[in-house]
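# Summary of structural features
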Amino acid sequence: MSRLPFNQGQPAFIPLSTFQRYPEAEMVERSRAFYADIRRRKTVREFTSQPVPREVIENALRAAGTAPSGANHQPWHFAVVSDPELKRKIREGAETEEREFYTHRAPQEWKDALAPLGTDSDKPFLETAPYLIAIFGQKKTVLDDGSEIKNYYVPESISIAAGFLIAALHHAGLATLTHTPSPMNFLNQLLDRPSHEKPYILLVVGYPADDCMVPNIGKKSLEEIASFY
Ligand code: IYR
């Protein structure tokens, strides 16, 4: 019997009524179409300040919230920031860490690996883009009565949810940047999140700038990423 509030009072098992089966030819076509769409996704670092409908963000977050997770504990919190002053403070916090990273912390090998991406410690997009979504993983869930439940596979769970979120935003016609200022704990303080929540990703969301350039980098082929047994 689950102690989690979203499971309480529900029958233990219900018929799978949502699964959709397609004829094989249609499956192949659907898989091609999905690949064709998702392969257009590029990480973007130049955004316009053009506002984005809030409902698109909300629906993408709903989609992210359907991700599988350890014991279905859904150990994530999405802090959505559009307030300009808060974005400014987040930029300030991120740039402080990034300056330290690029000048001291990052070994040369890491900096060499980043060279093709053209990144540096300036993060103007944190103020330009209409939305920043800080994704927190929760080591434990604190219930309304104050009792605590341990969560499992937190990094895996939040990574899957983040993947859903990025795909949902792309599908809706928005661009993202998976930003990871490191360390990111300044976000707990700025966003007033408890210490058992760890920030994993700061997702930057909006429309790409008109003259947006992206690194000319490719993806590995199927043969390189998969083996069939
Ligand atoms: N967090 C830094 C550095 C950085 C690290 C990796 I690994 C990247 O794929 C990209 C950037 C930054 O955001 O610039």
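Residues numbered from 1 in each chain as written. Predicted model: local features only at pLDDT ≥ 70, side-chain atom pairs only at ≥ 80, totals over all residues. Heavy atoms only, no water.

By the naming in an unreviewed UniProt entry, the protein chain goes by Nitroreductase family protein and is assigned to Chromobacterium piscinae.

### Things to note about the UniProt feature "domain: Nitroreductase" (unreviewed entry) in the protein chain
Mapped onto the present numbering, the UniProt feature "domain: Nitroreductase" (unreviewed entry) falls at residues 38–207. Taken as a whole, residues 38–207 contains 41% helix and 21% strand, while its terminal C-alpha atoms sit 16 Å from one another. (UniProt positions renumbered as here; feature names shortened; annotations may be inferred. Helix = DSSP H or I, 4+ residues; strand = E, 2+ residues; numbered from the N terminus.)

### Some thoughts on the site of the ligand
Residues in contact with the ligand, as listed here, are Glu98, Phe101, Tyr102, Trp110, Leu114, Leu117, Thr119, Asp120, Lys123, His179 and Thr180. Taking Tyr102, its side chain carries an N or O atom lying 2.5 Å from an oxygen atom of the ligand. When the ligand sits alone it has 370 Å² of accessible area, and the protein chains cover 72% of it. Within the residue set of the shell around the ligand, elements represented by two or more residues are α3 (84–105) and α4 (108–114). The greatest single-element share of the shell around the ligand, amounting to three residues, is contributed by α3. Counted by class, the shell around the ligand contains five nonpolar, three polar and three charged residues. (Near = heavy atom within 4 Å. Polar contact = N/O pair within 3.5 Å; in protein donor to acceptor, adjacent residues only side chain to side chain. Areas by Shrake-Rupley, 256 points an atom, 1.4 Å probe, with all protein chains shown as cover. Nonpolar A, V, L, I, M, F, W, Y, C, P; charged D, E, K, R; others polar.)

### Concerning the side chain of His170
One can find His170 in helix α6 (residues 154–172). Separated by 2.7 Å, the side chain of His170 and the backbone oxygen of Asp37 make a polar contact. With sequence-adjacent residues up to four places away left out, His170 is seen in contact with Asp37, Ile38, Arg40 and Arg41. (Contact = heavy atoms within 4.5 Å.)

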